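Here are the chains, one letter per residue:
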Amino acid sequence: MAEFSNPFRPGAGHHPPYLAGRHEEREEFRRLLGQNTILENMVLTGLRGVGKTVLLDSFKPLAMSRGWVWVGTDLSESTSISEHNMAIRLCTDLSPVTSSLVVETEEVRRVGFVADTDQISRTLTYQVLIELYKHIPGLSLDKIKGVLEIAWRALSKEQNVRGIIFAYDEAQNLADQSAKDQFPLSLLLDCFQSLQRKGLPLMLVLTGLPTLFPKLVEARTFSERMFRVVFLQSLNESESEEAIREPVEDAECPVRLSDDSVNTIINMSGGYPYFIQFICREVYDAFIQRIDKGESASVPVAEIEQKLDTDFFAGRWARASDRQRALLFVISRLESCDDEFTVQEVVEESKRALDKPFSSSHVNQMLVALASQGLVYKNRHGKYSFAVPLLGQFISRQEQG
Ligand SMILES: Nc1ncnc2c1ncn2[C@@H]1O[C@H](COP(=O)(O)OP(=O)(O)OP(=O)(O)O)[C@@H](O)[C@H]1O
Ligand SMILES: [Mg+2]
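Residues numbered from 1 in each chain as written. Chains lettered and ligands numbered in written order. Predicted model: local features only at pLDDT ≥ 70, side-chain atom pairs only at ≥ 80, totals over all residues.

A.B. asks: Any chance you could explain the overall build of the protein here in plain terms?
C.D. replies: Scanning the protein for helices and strands turns up 17 helices and seven strands. Dimensions along the principal axes, computed over C-alpha positions, put the protein at roughly 75 × 65 × 30 Å. The long-range fraction of contacts in the protein, counting pairs at least 24 apart against all pairs at least 6 apart in sequence, stands at 71%. (Helix = DSSP H or I, 4+ residues; strand = E, 2+ residues; numbered from the N terminus. Contact = placed C-beta atoms within 7 Å.)

A.B. asks: Any chance you could explain the nonpolar core here in plain terms?
C.D. replies: What tends to happen in soluble globular proteins is that the nonpolar side chains get buried as a cluster. Leu129, Val147, Leu202, Val205, Ile265 and Ile279 are the most contacted members of the largest nonpolar core, which totals 107 residues. A total of nine residues in this core trace back to one element, the largest contributor, which is helix 12 (residues 273-288). Excluding anything up to four places from it in sequence, Leu202 contacts Ile38, Leu148, Trp152, Gly163, Ile164, Phe166, Phe192, Leu195 and Gln196. (Core = buried A, V, L, I, M, F, W, Y, C linked by C-beta atoms within 7 Å. Buried ≥ 20, exposed ≤ 12 C-beta atoms within 10 Å, placed from the backbone.)

A.B. asks: It is not clear to me how the site of ligand 1 should be interpreted in this structure. Could you clarify?
C.D. replies: Not every one of the 25 residues close to ligand 1 is listed here, only the nearest: Pro16, Gly51, Lys52, Thr53 and Pro273. For the shell around ligand 1, the secondary structure elements donating two or more residues are helix 2 (52-65) and helix 12. At four residues, helix 12 tops the list of elements feeding residues into the shell around ligand 1. Looking at the shell around ligand 1 residue by residue, the class counts come to 11 nonpolar, 10 polar and four charged. Mapped onto the domain boundaries, the shell around ligand 1 takes at least three residues apiece from domain 1 (23-231) and domain 2 (246-315). (Near = placed C-beta within 6 Å. Nonpolar A, V, L, I, M, F, W, Y, C, P; charged D, E, K, R; others polar. Domains from an automatic or database assignment.)

A.B. asks: Just to check I follow, could you spell out the pairing of strand 3 (residues 163-169) for this structure?
C.D. replies: Side chains on a regular strand alternate between the two faces of the sheet. Of all seven residues in strand 3, seven are buried, a share of seventy percent or more. Here strand 3 shows two buried faces, one formed by Gly163, Ile165, Ala167 and Asp169 and the other by Ile164, Phe166 and Tyr168. Note that strand 2 (residues 68-74) and strand 3 share seven bridges and pair parallel. The residue bridging Gly72 from the neighbouring strand is Ala167, located in strand 3. (Pairing = 2+ DSSP bridges.)

Next comes the structure, spelled out in structure tokens:
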């Protein structure tokens, strides 16, 4: 029999041994799946490591069991995507589900790429999608809409297909670039908005950091109405407990966790899924080396914190300048640092904390820089928050250390 091994999985997008909580979010997604005319699409957002990717993954079987076809990808590499690339992206993602579908010759002829119709394959392979894109007259928007319409018409003839979900993870990387006259993000939004208005059941599910939704609204104000925004929070206490206990509940599991240990882990992690996986993995390894396998062992808090600081926080901290660190230190002194804070609050606190306090224009400027470094983000009400969970506590530890 295989030996029971450490079940915890800290890591980006690694499916957890037990997916805790997220009932409301899944319910919300089910609701959106029930739409006949797509009025609402989903934005799934939240801090680093809160569990966006694994939740998105768990949506896929839900959607498929209700007759939705699922396409999409991870956009982490797509920082400077052009309109043309956006169109290629959509064709690429679509082709695995359309490549076996036969397209009517008439359909193809109508868009004008004709003479050699017989020579091309009559199924909607990637090549054919791209050829269609090239031949459909008009701007990128007309072209990509045309391709999606043809693809949907072919797909809708299949049995029990009720729509297509386009799921994009790390979508905060999408951006319009007016300097280069490239508007891929607007293209995507315009395309789906227009096709949905025509009644096509094509739904967008975008996942990303909290900068995502403001970016969408900045590109197209109608995004406000087009998306249902689900902001993933840390797990509550009982959900955290499930995430910790369930994976070691197995009779074969050699490690037992006392109530004390579980509470310590909940406190240390703040209920953030990545931290739960990280800490539990360490605790498991530490306990397995003890003969009593946990019963009276205690969680090595300091050691784990040290490791978490090195593995998770240090890299981000190292990229900040001395002056930026001073500002982050001031923020970490605010009672509301784990929630949200204003420029004014930071200015006031800096007068108390520093010999050389910050002016408000200075704070403003620096927060913009820190936002582009992914350490803070500005919410829709103009207030700021840390973009990295438990950053405040980490900064306090740096001060003490
Ligand atoms: N509901 C959950 N219960 C238990 N563990 C979870 C849960 N959600 C996520 N995790 C774990 O937390 C870690 C981070 O998850 P994930 O990569 O999905 O986060 P993310 O929000 O996509 O992060 P990033 O912003 O870096 O992309 C993974 O190790 C995953 O297994
Ligand atoms: Mg992710």
